[in-house]
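# Structural overview for review
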Amino acid sequence: MRSDNQSQRRRRARTRRRKRPLLFAHCLYEEHHLLGPCRRFSAIIYRLAIMSSRTFFVGGNWKMNGDKKSLGDLITTLNTASLHDETEVVCGAPTVYLDFARSNLDARIGVAAQNCYKVAKGAFTGEISPAMIKDCGVEWVILGHSERRHVFGESDELIGQKVAHALESDLGVIACIGEKLEEREAGTTEEVVYAQTQAIADNVKDWSKVVLAYEPVWAIGTGKTASPEQAQEVHEKLREWIRANVSEAVADSVRIIYGGSVTGANCKELGSQNDVDGFLVGGASLKPEFVDIINARA
Ligand code: PGA
C-alpha cells in the first residue's frame, strides 16, 4: 500500500505534467498576431488543453447499501484493480462505515461522507460534523444530493450553509444539483440548476476543493441515463454560468461531473464529452463494473 506522502508526490507530478500543454496552448492563444484559422485552431487547442488539465474524477455513492462483508469484498476488488493513474477516485460510504472504508481502502482512493451538518458539534441528534468526518481520516463529503433534497426536504439555504461549514473545516465537497423530470419537461432545467448552483457558489471561497455534480433527478437510479449530448449541454451551460458569475479561472478549472444511471456500458461516451469531467455513480459503484467506469478515460 502506498503512503499518503507518496500519493501526494505522484499527484503533484501528474498535475505538473498535465499543465505543460495548457501553458503551451495559452502562449499560442495569446499570440494576437495569429489571424483567422490559425487563431481558431489555437483556441480549439487551448480548450482541449484546459479540458485535459482537469483531473478526471469518479465518485462512488454507496448510499444506504452494503455491510462489512459486501463492502469489504468491494474494497478488495478496488484495492487490487488496475485503476487509471490519472483519475481521482472517491467512495461515498455510509456514516457508520466511514472508518471501516478509510482503514481498508488503498490510500490512492479517497473516501467521502454522504452528508454532514452545518456546525462543528452540539445537540443535533443523529447528525455528524465535518470535524468528525476528518477525525476518521476522511477528506470529502457529498452535499445536496437529490435524495437529501427531495426525500429529506433539504433546502438550497441549508445546503449552502453545509457547504460553507464543510469547506471551512477543510473537507472537499462534492456538491450536487439537478432538475426533476417535470422541471425538464417544463423547460426550466437551466433556471433550476443555476439557482441551485448560486446557493452553493454564494458559500464557496475556495473552489479548488469543490466538485460540482450535475445529476438530473429523472436519471438517478432509474436506468434512464441522460444522453451524452444532454449531459454535455447542461455541463457547458453550467461552465458558462460559472464564467459569468464566479470567474474565468474557476470556470476553466472546476470539475463538473455527471451522475444518473452511469454504467460500464455508457461511461466512455459520456466521459468523452468536453465538459464532463467525471461521474458520480450510485448503483454501479457497488459492482465490479465500477472499475470500468473509473477507467473510462484510460
Ligand atoms: P445511480 O445514482 O448511478 O444509481 O443512478 C447516482 C447518484 O445518486 O449519485
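Here's what I pulled together on the structure shown here. What you see is a predicted model; the values in this text were computed from it and never measured. (Residues numbered from 1 in each chain as written. Predicted model: local features only at pLDDT ≥ 70, side-chain atom pairs only at ≥ 80, totals over all residues. Heavy atoms only, no water.)

## Considering the overall build of the protein chain
On a plain count of helices and strands, the protein chain comes out with 13 helices and eight strands. Taking contacts inside the protein chain between residues at least 6 apart in sequence as the whole, the part at least 24 apart equals 72%. (Helix = DSSP H or I, 4+ residues; strand = E, 2+ residues; numbered from the N terminus. Contact = heavy atoms within 4.5 Å.)

## Focus: the site of the ligand
Near the ligand there are 13 residues, and of these Lys-63, His-145, Glu-215, Gly-221 and Ser-261 occur at the shortest range. Contact distances for the ligand include 2.6 Å between an oxygen atom and a backbone N or O atom of Gly-221. Each residue belonging to the shell around the ligand can be placed in one class, and the counts come to four nonpolar, seven polar and two charged. (Near = heavy atom within 4 Å. Polar contact = N/O pair within 3.5 Å; in protein donor to acceptor, adjacent residues only side chain to side chain. Nonpolar A, V, L, I, M, F, W, Y, C, P; charged D, E, K, R; others polar.)

## Here's the deal with the environment of Val-111
Looking at the element boundaries, Val-111 is found in strand β3 (residues 109–113). Separated by 52 residues in the primary sequence, Val-111 and Gly-59 have C-alpha atoms spaced 8.9 Å apart. Not counting the four nearest positions on each side in its chain, Val-111 is found in contact with Val-90, Cys-91, Leu-98, Ala-101, Arg-102, Leu-105, Val-138, Glu-139 and Trp-140.

## So, the sheet that holds strand β2 (residues 87–92)
In space, the eight strands of this closed barrel follow the order β1-β2-β3-β4-β5-β6-β7-β8, with parallel pairing throughout. Direction aside, neighbouring strands of the sheet carry axes that sit 25° apart on average. Two elements, strand β4 (residues 140–143) and strand β5 (residues 172–177), share four bridges in a ladder whose sense is parallel. Looking at the pairing, Leu-143 lines up with Ala-175 of β5. Seen against the sheet, helix α7 (residues 156–168) touches β4, β5 and β6 (210–214) and runs at an angle of roughly 175° to β4. (Pairing = 2+ DSSP bridges. Axes fitted to C-alpha atoms, helices over the stretch in contact; angles between N-to-C directions.)

## Some details on the packing of helix α9 (residues 189–201) against helix α10 (residues 228–245)
Interhelical geometry of α9 versus α10 gives an angle of 45° and a closest axis separation of 11 Å. Accordingly, the angle class assigned to the pair α9 and α10 is oblique. By crossing handedness, the relation of α9 to α10 is classed as right-handed. Each of Thr-189, Glu-190, Val-193, Tyr-194, Thr-197, Gln-198 and Ala-201 in α9 lies in contact with α10, whose residues at this interface are Val-234, Lys-237, Leu-238 and Trp-241. (Parallel < 35°, antiparallel > 145°, perpendicular 65-115°, else oblique. Left-handed = near helix turned anticlockwise from the far one by under 90°.)

## Things to note about the pairing of strand β1 (residues 56–61)
Summarising burial for β1: six of the six residues are buried, a large majority. Side-chain alternation along β1 places Phe-56, Val-58 and Gly-60 on one buried face and Phe-57, Gly-59 and Asn-61 on a second face that is also buried. Bridge count between β1 and β2: six bridges; the pairing is parallel. Across the sheet, the residue bridging to Gly-60 is Cys-91, located in β2. Chirality of the crossover, the property in question, places the unit of β1, helix α3 (residues 68–80) and β2 among those that are right-handed. Pairing of β1 with strand β8 (residues 278–281) involves four bridges; the strand directions are parallel. Its bridge partner lying in β8, Val-58 is registered against Phe-279. (Buried < 20%, exposed > 50% of the residue type's maximum accessible area, 1.4 Å probe, protein only. Right-handed = clockwise from strand over helix to strand, strands pointing away.)

## Structural notes on the side chain of Thr-87
Mapped onto the elements, Thr-87 comes out in strand β2. Apart from the residues lying within four places of it in its own chain, the contact partners of Thr-87 are Phe-56, Val-58 and Ile-294.

## A look at α9
Taking 1.5 Å of rise per residue, 13 residues should cover 18 Å, and α9 covers 18 Å from first to last C-alpha, within 8% of that figure. Residues of α9 that are buried include every one of Thr-189, Val-192, Val-193, Gln-196, Thr-197, Ala-199, Ile-200 and Ala-201, and no others. In the core, the buried residues of α9 are packed alongside α6 (146–150), α7, β5, α8 (181–185), β6 and α10. (Expected span 1.5 Å × (residues − 1).)

## Focus: the packing of α7 against α9
Across the interface, α7 lies against α9 with an axial gap of 8 Å and an inter-helix angle of 35°. Crossing hand, α7 versus α9: right-handed. Of the residues in α9, those touching α7 at Asp-156, Gly-160 and Val-163 are Ala-195, Gln-196, Ala-199 and Ile-200. Residue composition of the contact of α7 with α9, by class: four nonpolar, two polar and one charged.

## A word on the packing of aromatic side chains
Any pair of aromatic rings gets described here by the distance separating the centres and the angle formed by the planes. Taken as a whole, this structure holds six aromatic pairs when the rule is applied. Pairing Phe-56 with Phe-279 gives two aromatic rings, centres 5.6 Å apart and planes at 90°, and the pair type is edge-to-face. Of this pair, Phe-56 sits in strand β1 while Phe-279 sits in strand β8, and the two are 223 residues apart along the sequence. Here the two residues Phe-56 and Phe-279 agree in accessibility, since each one is buried. Here the basic side chain of Arg-148 rests over the ring of Phe-152, its NZ or CZ set 4.2 Å away from the ring centre. (Phe/Tyr/Trp six-rings, centres within 6.5 Å; stacked < 30°, edge-to-face > 60°. Lys NZ or Arg CZ within 6 Å of the ring centre and 35° of its normal.)

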